[in-house]
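Understanding the architecture of this molecule
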Amino acid sequence: MPLITSPNLDAGDDFYEALLSAHHGLDVDASHAFNARLILLLANHIGRQGVLLEALAAAARANPVSAVSPVSIDAPTTGDASPRGQA
């Protein structure tokens, strides 16, 4: 399954509003921690290493000063990008 990069959110504006609301009242460190938890939850939901690596690469391309190196993104760390339990 390739990474979907075209608009694919139903009620995208509503989600964005909820995301902003979730950050309301958080200081910078708490906001970063919240984002990290959200990213890990969504990554777990996706569950496919190849899709996640595509997402990392796309995000890095969108931000040329990103600290993420495309070399580390493109090189799988586990060697097997298939979902768990499937070969």
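The sections below set out a description of the structure shown in this document. (Residues numbered from 1 in each chain as written. Predicted model: local features only at pLDDT ≥ 70, side-chain atom pairs only at ≥ 80, totals over all residues. Heavy atoms only, no water.)

Section: the overall build of the chain
For the record, the criterion: Here a helix means four or more residues in a row that DSSP labels H or I, a strand means two or more in a row labelled E, and each is numbered from the N terminus. The classification of residues rests on relative accessible area computed with a 1.4 Å probe and restricted to protein chains. Under 20% of the type maximum is buried, over 50% is exposed, and intermediate values are partly exposed. Any two residues having at least one pair of non-hydrogen atoms within 4.5 Å are treated as being in contact.
Within the chain one finds 4 helices and 0 strands. Helices and strands appear in the chain in the N-to-C order α-α-α-α. For the chain, the residues scored as buried account for 9% of the 87 residues in total. Across the chain, contacts joining residues at least 24 apart in sequence account for 43% of those joining residues at least 6 apart.

Quick notes on the environment of Met1
Relative to the elements of secondary structure, Met1 occurs in the segment before helix H1 (12-23). Classification of Met1 as exposed rests on a relative accessible area of 62%. Remark: the alpha-carbon pair of Met1 and Arg48, spanning 47 residues in sequence, is separated by 8.5 Å. If sequence neighbours within four positions are ignored, Met1 has contacts with Arg48, Val51 and Glu54.

Some thoughts on unusual backbone geometry
In this model, Ala11 sits at a positive phi of 60°, which is unusual for a non-glycine residue. Mapping Ala11 onto the fold places it in the segment before H1.

Observations regarding the side chain of Ser31
The criterion, for reference: Under the rule applied, a polar contact is a pair of N or O atoms within 3.5 Å (in protein, one hydrogen donor and one hydrogen acceptor; residues adjacent in sequence only if both atoms are side-chain atoms).
With respect to the helices and strands, Ser31 occurs in helix H2 (residues 28-46). In terms of polar contacts, Ser31 uses its side chain to reach the side chain of His23, at 2.7 Å. Apart from residues no more than four positions distant in its own chain, Ser31 is found in contact with His23 and Leu26.

Points about H1
We count it as follows: Here the expected span of a helix is defined as 1.5 Å times the quantity of residues minus one.
Along its 12 residues, H1 runs 17 Å from first to last C-alpha, staying within 8% of the 16 Å computed at 1.5 Å per residue. Gly25 lies just past H1 and shows a positive phi near 85°.

Examining the packing of H1 against H2
Rule in force here: In this analysis, axes come from line fits to C-alpha atoms, helices being fitted only over the stretch in contact, and the angle between any two N-to-C directions falls in the range 0 to 180 degrees. Every angle not falling under 35 degrees, over 145, or within 65 to 115 is termed oblique; those three ranges are roughly parallel, roughly antiparallel and roughly perpendicular. Note on residue classes: Ala, Val, Leu, Ile, Met, Phe, Trp, Tyr, Cys and Pro are nonpolar, Asp, Glu, Lys and Arg are charged, and everything else, Gly too, is polar.
Here H1 crosses H2 at 135°, and the two axes come no closer than 10 Å. Comparing their axes, H2 and H1 come out oblique. Contact residues: H1 offers Leu19, Ala22 and His23, while H2 offers Ser31, Phe34, Asn35 and Leu38. Partitioning the contact of H1 with H2 into residue classes produces 4 nonpolar, 3 polar and no charged.

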